[in-house]
Amino acid sequence: MQKNIIITGATDGIGLAAAKVIASKNYRIGLVGRNPEKGKIAIETIQSLTGNENLDFLQCDLSSVKNIKQLSDEIKSRYSKIDVLLNNAGGANKTKQITSEGLEKTFATNQMNYFVLSTELIDIISESNDGRIINVASNAHIGAEVDYENINSEKNFSAWTSYCVSKLMNIMLTYKMAAMQDKVCVNALHPGFVDTNIAGNEGNLIKYFVKFGAKLFARTVDNGADSSIYLSTSEDVKGVSGKYFFKCREISSSKASYVKDDWDRVWTLCQKYKDSIL
Ligand SMILES: NC(=O)c1ccc[n+]([C@@H]2O[C@H](COP(=O)([O-])OP(=O)(O)OC[C@H]3O[C@@H](n4cnc5c(N)ncnc54)[C@H](OP(=O)(O)O)[C@@H]3O)[C@@H](O)[C@H]2O)c1
């Protein structure tokens, strides 16, 4: 039977690479992105590669809680159930930007995005008998700690710290949601250092450095999508929940990511922001 999957950030990088492979299996895919031109190209490319006609482009700026709520409503109106939500869209902003909803943009795009979409869609994912949420995180979380007084860079801003903290929160969200759920499996992954556009919006020096390093050390984007595809589609991980993966194998995340009080604190603050914005 055909399954339905939503992939965010499916217009480029790891999300697009995952969508190409998943489309070759028996899945209807909702590809979420902010740029309709890139969405059109992604759909044409995937169709010509796989022949899969069951592809929908869903436009959304995932740095906005209100837009994510609209996206969730649209998904619920188009699909009777969702089998897999692959939360993948993310990035790093080189300067401090506060969204019109009052959130620091990296936190909004990387963490609030995953939280709001997952909590809005949990009921429809629960309709599947093999419901899965997969959160693309990063080993950049190692060494990071959440400063609850600086969630929106109230005290100071560092592009790298904001990114690393958002990825730590992705993992805490995964563990918390997995502990709350008995129906839907929730896992996180590190894709590796992957040669994508992720450094594209960084400053020149950082961009040059990352791109230079990428050519030497990075995984290809197809390899970087391996765990996303595995956790979304493999029977091997049916029923597995609350774990962190790299190269399709379970690994440990940082010590800080296992502190349950912080899972609760992160959950509560995301819920508070969501409630105050919607
Ligand atoms: N690349 C790495 O080395 C690496 C390492 C560890 C973790 N990761 C994680 O992997 C995930 C994917 O990153 P990537 O390397 O594939 O990056 P990428 O090539 O820049 O792709 C990111 C995707 O997310 C979309 N996106 C970004 N901000 C958005 C927004 N506000 N609203 C809607 N869509 C948005 C982008 O849309 P546009 O096409 O419109 O830009 C694009 O489709 C991220 O969560 C990242 O943190 C990457």
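What you see is a predicted model; the values in this text were computed from it and never measured. (Residues numbered from 1 in each chain as written. Predicted model: local features only at pLDDT ≥ 70, side-chain atom pairs only at ≥ 80, totals over all residues.)

**Comments concerning the packing of helix α5 (residues 159-180) against helix α9 (residues 260-277)**
When two helices pack together, their arrangement is given by the angle between their axes and by how far apart the axes lie.
Then comes step 1: Running from N to C, α5 and α9 cross one another at 100 degrees; their axes reach a closest spacing of 9 Å. Considering their axes alone, α5 and α9 lie roughly perpendicular with respect to each other. Between α5 and α9, the residues in contact are Met169, Met172, Leu173, Tyr175 and Lys176 and Asp262, Trp263, Val266 and Trp267, respectively.
Then comes step 2: Across the contact of α5 with α9, the residue classes tally to seven nonpolar, no polar and two charged. (Axes fitted to C-alpha atoms, helices over the stretch in contact; angles between N-to-C directions. Helix = DSSP H or I, 4+ residues; strand = E, 2+ residues; numbered from the N terminus. Parallel < 35°, antiparallel > 145°, perpendicular 65-115°, else oblique. Contact = placed C-beta atoms within 7 Å. Nonpolar A, V, L, I, M, F, W, Y, C, P; charged D, E, K, R; others polar.)

**Remarks on the sheet that holds strand β4 (residues 84-87)**
Then comes step 1: Reading across from one edge, β3-β2-β1-β4-β5-β6-β7-β8 is the order of the eight strands in this open sheet, with mixed pairing throughout. Pairing within the sheet leaves two strands with one partner each, and these edge strands are β3 (55-59) and β8 (249-251). Neighbouring strand axes in the sheet, compared pairwise and without regard to direction, differ in orientation by 25 degrees on average.
Then comes step 2: The strands touched by helix α4 (residues 105-125) within the sheet are β1 (3-8), β4 and β5 (132-136), with β4 carrying the most contacts at an inclination of about 175 degrees.
Then comes step 3: The strands that helix α8 (residues 226-233) touches are β1, β4, β5, β6 (185-190) and β7 (244-246); relative to β5, the one it contacts most, it runs at about 170 degrees. (Pairing = 2+ DSSP bridges.)

**With respect to the site of the ligand**
Then comes step 1: The full set close to the ligand counts 27 residues, and Gly9, Gly13, Gly90, Ser138 and Thr196 are the nearest of them.
Then comes step 2: If you tally residues by element for the shell around the ligand, the top one is helix α1 (residues 13-23), at three residues.
Then comes step 3: Of the residues in the shell around the ligand, the class split is nine nonpolar, 14 polar and four charged. (Near = placed C-beta within 6 Å.)

**Some details on the environment of tyrosine 273**
Then comes step 1: Structurally, the position occupied by tyrosine 273 is in helix α9.
Then comes step 2: We classify tyrosine 273 as buried; it has 22 C-beta atoms within 10 Å.
Then comes step 3: With 163 residues separating them along the chain, tyrosine 273 and asparagine 110 place their C-alpha atoms 14 Å apart.
Then comes step 4: Residue contacts for tyrosine 273: discarding those within four places in its chain leaves Leu103 and Met112. (Buried ≥ 20, exposed ≤ 12 C-beta atoms within 10 Å, placed from the backbone.)

**Overview of the pairing of β4**
Then comes step 1: Burial of β4 is two-sided: the residues Val84 and Leu86 facing one way and the residues Leu85 and Asn87 facing the other way are all buried.
Then comes step 2: Judged from the three bridges that link them, β1 and β4 form a sheet pairing that is parallel. Note on β4: the bridge partner recorded for isoleucine 6 is leucine 85.
Then comes step 3: Bridge analysis of β4 against β5 gives four bridges, and the strand direction is parallel. Opposite leucine 86, over in β5, you have isoleucine 134 as the bridge partner.
Then comes step 4: For the crossover from β4 across α4 to β5, the handedness is right-handed. (Right-handed = clockwise from strand over helix to strand, strands pointing away.)

**A short note on the environment of proline 191**
Then comes step 1: Tracing the chain through its elements places proline 191 in the loop between β6 and α6 (204-217).
Then comes step 2: Judged by C-beta crowding, with 26 C-beta atoms within 10 Å, proline 191 ranks as buried.
Then comes step 3: Separated by 189 residues in sequence, proline 191 and glutamine 2 have C-alpha atoms that sit 26 Å apart.
Then comes step 4: Apart from residues no more than four positions distant in its own chain, proline 191 is found in contact with Ile14, Val136, Gly224, Ser227 and Ser228.

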